[in-house]
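Structural characterization, general
Here are the chains, one letter per residue:
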Amino acid sequence: MRRYWLGRNPLRRRSDRLEGTGVAVTLILLLFSVWPAVVMGRLAYENGLQAERVGPGIRQQVTATLVQDAPDPVLVGGKDNGVAPESHAAARWVTPSGERRTGQVAVPAGAKAGASVKVWIDGRGELTRPPTTHTDTLAGAVTTTLLVIAGAAAALTLGFRGFRWLLDRGRYAAWDASWAEASARWRRRKPDR
């Protein structure tokens, strides 16, 4: 903080004051980035809540009956990796409106025709993913918020570093000019003998 603190130091250059102002502006913009991050996190939370919803017309679980045997367990990746726990087989279910549907569903490997499995369907009776948990919704909202803040921090840090690079170029040019002027003055003087 002492480096950027605006004081009455007579050796403080204009570029030092500009750099201190750049730090202050960067920190203020970082604080302002919290608001968009919270808004984005809130949107992610609301989308997650929508994905959690279950009930008629949205998403609900029904019982499907297998119409064919599921394939037997298959070795995955050779003898040491194990057996695939799931496979897919044709099943039939009834929608809440009474319409019969058939489709491929995930079932335990080796399940026999006539076995019952629970599946999730949407409001149209089509297969859909199970609802997300509230923990997943909260984790997604917090992650979104933190990613927006981290992205803003990264962009602001890069911007400040670019600004500081420009200031350093000016400082080095002024330093070289001062040394060239001093060198010229020293060369003009002749030593007394």
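See the structure shown above.
All values reported here derive from a predicted model rather than from experimental measurement.

**What to know about the pairing of strand 2 (residues 86-94)**
Alignment of strand 1 (residues 59-66) against strand 2, held across two bridges, turns out to be antiparallel. Bridging across to strand 2, Thr 65 finds its partner in Arg 92. Hairpin remark: strand 2 followed by strand 3 (residues 100-108), antiparallel, with five residues in the connecting loop; positive phi at Gly 98, about 95 degrees.

**Remarks on helix 2 (residues 34-52)**
Since there are 3.6 residues in each turn of an α-helix, residues three or four apart along the chain are aligned in direction. Taking 1.5 Å of rise per residue, the 19 residues of helix 2 would be expected to cover 27 Å, and the 26 Å separating its terminal C-alpha atoms lies within 8% of that figure. Taken together, the buried positions of helix 2 are Ala 37, Gly 41, Tyr 45 and Gly 48. End-on, the buried residues of helix 2 take up no more than an arc of 75 degrees, which puts them together on one face. What points out from helix 2, more than 90 degrees from its buried face, is the exposed set Trp 35, Asn 47 and Gln 50. Looking at the packing, one finds that the buried side of helix 2 touches helix 3 (134-188).

**A word on the layout of surface pockets**
Each pocket or cavity is described by its volume, and for the largest pocket that value is around 180 Å³. Broken down by element, the lining of the largest pocket gets its largest block of residues, eight residues, from helix 3.

**So, the packing of helix 1 (residues 14-32) against helix 3**
Angle between the axes and distance between the axes: these two values describe a pair of packed helices. Between helix 1 and helix 3, whose axes approach to 10 Å, the crossing angle comes to 175 degrees. On the basis of their axis angle, the class for helix 1 and helix 3 is roughly antiparallel. Where helix 1 abuts helix 3, its residues Ser 15, Asp 16, Leu 18, Glu 19, Gly 22, Val 23, Thr 26, Leu 29 and Leu 30 lie against Ile 149, Ala 153, Leu 156, Phe 160, Phe 163, Arg 164, Leu 167 and Arg 171. Here the residues of the contact of helix 1 with helix 3 sort into 10 nonpolar, three polar and four charged.

Rules of the game
The residue numbering used here restarts from 1 in each chain and proceeds along that chain's sequence as written. Where totals are concerned, whole chains, interfaces and linings use all residues; where local detail is concerned, this predicted model gives features only for residues with pLDDT of at least 70, and gives and counts side-chain atom pairs only at 80 or more. Only hydrogens and water are set aside when side-chain values are computed; all heavy atoms of the structure are taken into account. Pairing between strands is defined by DSSP: at least two bridges between the two strands are required. The numbering of helices and of strands both runs from the N terminus, where a helix is a DSSP run of H or I of at least 4 residues and a strand a run of E of at least 2. Under the convention used throughout, the expected extent of a helix is 1.5 Å for every residue step, that is, one less than its residue count. Residue exposure (1.4 Å probe, protein chains only): buried if accessible area is under 20% of the type maximum, exposed if over 50%, otherwise partly exposed. In this description, the arc belongs to the directions extending from the helix axis to the C-beta atoms. Should any heavy atoms of two residues lie within 4.5 Å, those residues are counted as being in contact. Points on a 1 Å grid, built from protein atoms alone, make a cavity when a 1.4 Å probe fits but cannot get out and make a pocket when they are open with protein on both sides within 12 Å along at least 5 of 7 lines; residues with an atom within 4 Å of a point are the lining residues. Grid points are joined across faces, edges and corners, and a volume is the space filled by probe spheres set on the points. To get an axis, fit a line to the C-alpha atoms, keeping to the stretch in contact for a helix; angles then go from 0 to 180 degrees between the N-to-C directions. Reported orientations rely on four angle classes, namely roughly parallel under 35 degrees, roughly antiparallel over 145, roughly perpendicular from 65 to 115, and oblique for the rest. Lys, Arg, Asp and Glu make up the charged group, whereas Ala, Val, Leu, Ile, Met, Phe, Trp, Tyr, Cys and Pro make up the nonpolar group; the residues left over, Gly among them, are polar.

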